[in-house]
Amino acid sequence: MLSLIEKIIVLGGKGGVGKSSISAATAVLLSDLLPDKKILLISFDMAHNLSDLLSKDIGNTITSITSNLWAIEPDANEYAEIYTKDLIYKMKTLTKQMPLVGRIPQIEEFIDTSFTSDSIPLALKNAMFFQKILDAEDKDSKEIQFDIIVADFPPTANMITLFEIPEDQVKVVLKYSLNFYNSIKSAMRNFSKMFKQIFNPFDGEYEKRKELGNEIFNMIVDLEKRGERITDLIHSVGSLRLVSIAEKPSFEEVKRARDLTNKYINLDAVHINMIIPKKHAKKCDFCSQISSIQQRYLLEIKNEFKNTKIWESNRLKEEPIGLNGLRTLANEIYGVNIYPVDILNPKI
Ligand SMILES: Nc1ncnc2c1ncn2[C@@H]1O[C@H](COP(=O)(O)OP(=O)(O)OP(=O)(O)O)[C@@H](O)[C@H]1O
Ligand SMILES: [Mg+2]
């Protein structure tokens, strides 16, 4: 089945520049403008704050925000637990059907202690969850099919892990499997004579084991295929928007983020956030000095990204919180007469 997701908007950038606020504002505005589309706002920041921004408890379940907008702050640990449990189950089934290995008393304990989700890095756990959300083939019919996903990504280093999903996840499963086989091998040294028998190709058990070995192999192949599907999906409908403020560190960060992500996802726009409005800048020396620094970086950022859509947004008087606060921020970013297509497919 082909995925029906039309757009995956990914917001990235340095800490504190407004990624979460702009993600939420964008999702709210799109849901207002496109009442027939189902939109999911998802946070991949370890320190989730969508609940604060939307003034609603969200957490680890897909939570309804408006009639066509949902949000989730996934608990990646929980999903990784489910995933490793499935792996454990498959491995135990495999060993039980192996004539000798199945008899090694410590084998179940070994599987329980070596296949733990604790050994998976958090960023990879997030990536696994991201895959689950994106991969239509993974969804049962009870789940909502989203048309548009807006993803609030963590700062750059962790963001890359979210894209390097396929290889990393395969590596983890491979590592598990190799540890597993190696431990079996050493346990089997004591049974070397019988061991030979196991590999007797005329033994019916051998076929059974081969089948189960294939199952693990297929798990890895499935993961790889899934990774490929997601890579293709992100290439075709992914749209990265990097957020910066008009200051050096965050400008440097977006340049780095652009270079590090360009093989995974298309950079469609740059947000320059929290600009001091010019009319206020004149009102005090302090403001005017900060503003002139900002204006300098504004020019530099525009120059660096001259082939990319730039959205400028002023610093608001009030924190953009709650649906209406976020709508105010969205108006500040996109203007009041924006068409949804111009948000989904930004043109210069
Ligand atoms: N244009 C704006 N005007 C005024 N306040 C803003 C604006 N954009 C964001 N904020 C405020 O700035 C703070 C940081 O924003 P936000 O949490 O969205 O940044 P972030 O990049 O997601 O941060 P983190 O890296 O910590 O997740 C928040 O208090 C938010 O309400
Ligand atoms: Mg954030």
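Here, every reference points to the structure presented above.
What comes next concerns the included structure. (Residues numbered from 1 in each chain as written. Chains lettered and ligands numbered in written order. Predicted model: local features only at pLDDT ≥ 70, side-chain atom pairs only at ≥ 80, totals over all residues.)

With that settled, consider the overall build of the chain. Check the secondary structure of the chain and you find 14 helices and eight strands. Looking at the chain as a whole, 36% of its 348 residues qualify as buried. A sequence separation of at least 24 residues applies to 77% of the contacts in the chain between residues at least 6 apart. (Helix = DSSP H or I, 4+ residues; strand = E, 2+ residues; numbered from the N terminus. Buried ≥ 20, exposed ≤ 12 C-beta atoms within 10 Å, placed from the backbone. Contact = placed C-beta atoms within 7 Å.)

What follows concerns the pairing of strand β1 (residues 7–13). In terms of burial, β1 is largely enclosed, as seven of its seven residues are buried. The alternating pattern of β1 places Lys-7, Ile-9, Leu-11 and Gly-13 and Ile-8, Val-10 and Gly-12 on opposite faces, both of which are buried. As paired strands, β1 and strand β5 (residues 148–152) are joined by five bridges and run parallel to one another. Looking across to β5, one finds that Ile-9 is bridged to Val-150. Two elements, β1 and strand β6 (residues 238–245), share six bridges in a ladder whose sense is parallel. Following the sheet pairing, Ile-8 is matched in β6 by Gly-238. (Pairing = 2+ DSSP bridges.)

Let us now look at the nonpolar core. One finds Ala-24, Ala-25, Ile-39, Leu-41, Ile-149 and Ala-151 to be the most contacted residues of the largest nonpolar core, which totals 70 residues. With seven residues, the single largest contributor to this core is helix α1 (residues 19–33). Counting contributing residues, this core receives three or more from each of domain 1 (7–74 + 234–344) and domain 2 (77–124 + 163–231). Sequence-distant contacts of Ile-39, defined by excluding residues within four places in its chain, comprise Ala-27, Leu-30, Ser-31, Asn-68, Leu-69, Phe-146, Asp-147, Ile-148 and Val-150. Counting residues in each nonpolar core, the second largest holds six residues, with Leu-87, Leu-94, Ile-107 and Phe-115 among its members. (Core = buried A, V, L, I, M, F, W, Y, C linked by C-beta atoms within 7 Å. Domains from an automatic or database assignment.)

It is at 10 Å that the axes of helix α3 (residues 76–96) and helix α4 (residues 107–114) come closest, and there the two elements cross at 160 degrees. Between α3 and α4, the crossing angle belongs to the class labelled roughly antiparallel. Crossing angle aside, the handedness with which α3 passes α4 is right-handed. Across the interface between the two elements, Ile-88, Met-91, Lys-92 and Thr-95 from α3 touch Ile-107, Glu-108, Ile-111 and Asp-112 from α4. Grouping the constituent residues of the contact of α3 with α4 by class yields four nonpolar, one polar and three charged. (Axes fitted to C-alpha atoms, helices over the stretch in contact; angles between N-to-C directions. Parallel < 35°, antiparallel > 145°, perpendicular 65-115°, else oblique. Left-handed = near helix turned anticlockwise from the far one by under 90°. Nonpolar A, V, L, I, M, F, W, Y, C, P; charged D, E, K, R; others polar.)

With that settled, consider the site of ligand 1. Lining the immediate environment of ligand 1, one finds 17 residues, of which Gly-15, Gly-18, Lys-19, Ser-20 and Ser-21 sit closest. Looking at the shell around ligand 1, the elements with two or more residues in it are α1 and β7 (267–275). For the shell around ligand 1, the element with the highest residue contribution is α1, accounting for three residues. Of the residues belonging to the shell around ligand 1, the class tally is five nonpolar, eight polar and four charged. (Near = placed C-beta within 6 Å.)

To continue, consider the pairing of strand β3 (residues 63–66). With three bridges joining them, β3 and strand β4 (residues 69–72) adopt antiparallel strand pairing. When the sheet's bridge partners are listed, Thr-66 is paired in β4 with Leu-69. Here β3 folds back onto β4, and the loop between the two strands holds two residues.

For sheets, the rule is that strands pair by backbone hydrogen bonds, running either parallel or antiparallel. Judged by pairing direction, the sheet is mixed, and its eight strands sit side by side in the order β3-β4-β2-β5-β1-β6-β7-β8 without closing on themselves. The open sheet has two edge strands with one neighbour each: β3 and β8 (309–314). Mean inter-strand twist for the sheet, computed between neighbouring axes without regard to direction, equals 25 degrees. Pairing analysis gives five bridges linking β7 to β8, with the strands arranged parallel. Residue pairing for β8: Ile-275 is matched across the bridge by Asn-314. Where helix α10 (residues 248–261) meets the sheet, it contacts β1, β6 and β7, and its direction lies at approximately 160 degrees from that of β6. The sheet contacts of helix α13 (residues 322–334) involve β7 and β8, and relative to β8 the element is tilted by about 130 degrees.

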